[in-house]
Amino acid sequence: MEIDVPAADDMTQLGHRLADELAAGDVVLLGGDLGAGKTTLAQGVGDGLGVRGPITSPTFVLARVHPSLVEGPPMVHVDAYRLGGWDELEDIDLEATLDEAVTLIEWGEGVAEGLAGDRLEVHIDRGRGGDDNETRHVRLTGVGPRWDELRLRQLVLTS
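What this report covers is the structure whose coordinates are included nearby. (Residues numbered from 1 in each chain as written. Predicted model: local features only at pLDDT ≥ 70, side-chain atom pairs only at ≥ 80, totals over all residues. Heavy atoms only, no water.)

1. Describing the nonpolar core
- In terms of nonpolar packing, the biggest core is built from 25 residues, with Val45, Leu104, Val122 and Val138 touching the most fellow members.
- Contributions of two or more residues to this core are made by strand E1 (2-5), helix H1 (8-21), strand E2 (27-32), helix H2 (38-49), strand E5 (102-106), strand E6 (119-125) and strand E7 (136-143).
- Apart from residues lying up to four places away in sequence, Val122 is in contact with Val28, Leu29, Leu30, Gly31, Leu41, Val138, Arg139 and Leu140.
- Among the nonpolar cores identified, the runner-up in size contains 13 residues, and Val76, Val78, Ala80 and Val111 belong to it. (Core = buried A, V, L, I, M, F, W, Y, C linked by side-chain atoms within 4.5 Å. Buried < 20%, exposed > 50% of the residue type's maximum accessible area, 1.4 Å probe, protein only. Helix = DSSP H or I, 4+ residues; strand = E, 2+ residues; numbered from the N terminus. Contact = heavy atoms within 4.5 Å.)

Below you can see the structure in the form of structure tokens.
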């Protein structure tokens, strides 16, 4: 499923809608260039899940746990940008919280697919040239039965 997101506020709102579909044990891989909107989407997810913030890029910390303020699942926010591969990702020990948290992994493409057979892959591309530098093209790919096409279609249609 694909959607164009015209502004940062709309990316935050997409994160809110995505949060409505997320549950403990879900893994979301966020991909895209620097400044594409991965952290903005994560902020919307965190706000939608009702977790303690602020949600900032975890680049230097690698992973942050944001506990729920509303008796929902915590959100684990990971930045895999500086990781050299699967072995370094394993060192973070995400498996310890995988079943009880919603896990969002920025820069997870090509590194974190082995964490979960069921996962949502979100790739964000910046504007496609011209004067429109704000619009982002978001591609959502569900992997495994947890993310069937119908659920993704509903998410996109409500945007």
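2. Observations regarding the sheet that holds strand E3 (residues 63-66)
- Spatially, E1-E7-E6-E2-E5-E4-E3 is the arrangement adopted by the 7 strands of the open sheet, whose pairing is mixed. Every other strand in the sheet has two partners, leaving E1 and E3 as the edge strands with one partner each. Neighbour to neighbour, the strand axes of the sheet diverge by 20° on average, direction disregarded.
- As paired strands, strand E4 (residues 75-79) and E5 are joined by 5 bridges and run parallel to one another. Its bridge partner lying in E5, His77 is registered against Leu104.
- Those strands touched by H1 are E1, E6 and E7, and its axis lies near 140° from that of E1. (Pairing = 2+ DSSP bridges. Axes fitted to C-alpha atoms, helices over the stretch in contact; angles between N-to-C directions.)

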